[in-house]
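# Tertiary structure, described
Residues per chain are reported as follows:
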Amino acid sequence: MRQLASSNIGSWNFCDKVWTYGIFCDDECRALDTFREDSWSKSDIFLIVIMCLFLTAMVLLIFAKRAKAYEKASVYGDELDAPYPGLPPISILVFYVVILTIIIVLAKLKFVNETLVFSVVICILLFIYMLKLTLFESRGPTLLPAANRASIALNAMNRHLFDA
């Protein structure tokens, strides 16, 4: 016990040591983190360029489909059973600009793995949305067409008037 008291352990502050050694992280310290990558290799740049091109292509296709849906809605918009056209085309472009800005900011901050993962997730989500637009689009007459609200109301009124 006397050795501990004489070795000046009473003045040793753990928080000061963590602060002192936590500020500077040299190469040995960085080598401990195997998943940390703060430099862009040529393959990483190639991947991010390919994903941004894919992202741009998907957004352009989605924008074209949304513009066509809005054009169709403007022609048939006054009918009762006209479908709701969904997102306006300008919101797709705003979404694209925001996503591209996030990718650029992450790349400038040299978050290599985070940028690549974010880009992959966005590309997958846009691809799924594009599949939804193309595969589940009603192209022609369906087996059971949607019931017209006005005809149902008139049929109910006619039955009520003539059944009495």
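Throughout what follows, the structure given in this document is the object of discussion. (Residues numbered from 1 in each chain as written. Predicted model: local features only at pLDDT ≥ 70, side-chain atom pairs only at ≥ 80, totals over all residues. Heavy atoms only, no water.)

Attention shifts here to the overall build of the protein chain. A tally of helices and strands in the protein chain yields seven helices and zero strands. Along the chain direction, N to C, the helices and strands of the protein chain fall in the order α-α-α-α-α-α-α. Here the protein chain holds 164 residues, and the buried ones make up 16% of them. Contacts spanning at least 24 positions in sequence make up 70% of the contacts within the protein chain whose residues lie at least 6 apart. (Helix = DSSP H or I, 4+ residues; strand = E, 2+ residues; numbered from the N terminus. Buried < 20%, exposed > 50% of the residue type's maximum accessible area, 1.4 Å probe, protein only. Contact = heavy atoms within 4.5 Å.)

A few words on the side chain of threonine 115. Residue position: threonine 115 is located in helix 6 (residues 112-135). Engagement of the side chain of threonine 115 in a polar contact is seen with the backbone oxygen of leucine 106, the distance being 3.4 Å. Not counting the four nearest positions on each side in its chain, threonine 115 is found in contact with Trp40, Ile48, Ile103, Leu106 and Ala107. (Polar contact = N/O pair within 3.5 Å; in protein donor to acceptor, adjacent residues only side chain to side chain.)

Taking 1.5 Å of rise per residue, 20 residues should cover 28 Å, and helix 5 (residues 89-108) covers 29 Å from first to last C-alpha, within 8% of that figure. All of the buried residues along helix 5 are Pro89, Ile92, Tyr96, Ile99, Ile103 and Leu106. One face of helix 5 carries all of its buried residues, which in axial projection span an arc of 110°. For helix 5, exposure combined with an orientation more than 90 degrees from the buried face picks out Ile90 and Lys108. Positioned one or two residues after helix 5, lysine 110 has a phi angle of 60°, which is positive. (Expected span 1.5 Å × (residues − 1). Arc of directions from axis to C-beta.)

Turning our attention to the packing of helix 5 against helix 6. Remark: helix 5 packs on helix 6, axes separated minimally by 9 Å, with the N-to-C direction vectors making an angle of 160°. The orientation of helix 5 with respect to helix 6, classified from their angle, is roughly antiparallel. Crossing angle aside, the handedness with which helix 5 passes helix 6 is left-handed. Touching Phe95, Ile99, Ile102, Ile103, Leu106 and Ala107 of helix 5 are Glu114, Thr115, Phe118, Ser119, Ile122 and Leu126, all from helix 6. When grouped by side-chain class, the residues that make up the contact of helix 5 with helix 6 number nine nonpolar, two polar and one charged. (Axes fitted to C-alpha atoms, helices over the stretch in contact; angles between N-to-C directions. Parallel < 35°, antiparallel > 145°, perpendicular 65-115°, else oblique. Left-handed = near helix turned anticlockwise from the far one by under 90°. Nonpolar A, V, L, I, M, F, W, Y, C, P; charged D, E, K, R; others polar.)

The next point concerns the packing of aromatic side chains. Evaluated as defined, the whole model comprises one aromatic pair. When the ring of phenylalanine 54 is compared with that of phenylalanine 127, the centres are 6.3 Å apart and the planes differ by 40°; the resulting orientation is tilted. Separated by 73 residues along the polypeptide, phenylalanine 54 in helix 4 (residues 42-76) and phenylalanine 127 in helix 6 bring together distant segments of the chain. On the basis of relative accessible area, phenylalanine 127 is assigned to the partly exposed category, the value being 39%. (Phe/Tyr/Trp six-rings, centres within 6.5 Å; stacked < 30°, edge-to-face > 60°.)

Once that is clear, we can look at unusual backbone geometry. Even without being a glycine, lysine 110 presents a positive backbone phi close to 60°. With respect to the secondary-structure elements, lysine 110 resides in the loop between helix 5 and helix 6.

A cluster of nonpolar side chains, namely Val117, Val120, Val121, Ile124, Leu125 and Ile128, defines an oily patch on the protein surface of about 520 Å² accessible area. Within the secondary structure, valine 120 is located in helix 6. (Patch = residues over 30% accessible without salt bridge, like charges linked within 9 Å, V, L, I, M, F, W, Y side chains within 5 Å. Areas by Shrake-Rupley, 256 points an atom, 1.4 Å probe, with all protein chains shown as cover. Salt bridge = Lys/Arg side-chain N within 4 Å of Asp/Glu carboxyl O.)

To continue, consider the nonpolar core. Within the largest apolar cluster, 18 residues are counted, with the highest numbers of intra-cluster contacts made by Leu55, Ile62, Ile103 and Leu126. For this core, the secondary structure elements donating two or more residues are helix 4, helix 5 and helix 6. Apart from the residues lying within four places of it in its own chain, the contact partners of isoleucine 62 are Ile92, Leu126, Tyr129, Met130 and Leu133. (Core = buried A, V, L, I, M, F, W, Y, C linked by side-chain atoms within 4.5 Å.)

Another aspect to go through is the environment of phenylalanine 54. A relative accessible area of 33% means that phenylalanine 54 is categorised as partly exposed. Sequence spacing of phenylalanine 54 and phenylalanine 127 is 73 residues, and the spatial spacing of their C-alpha atoms is 9.2 Å. Sequence-distant contacts of phenylalanine 54, that is, excluding residues within four places in its chain, are made with Cys123 and Phe127.

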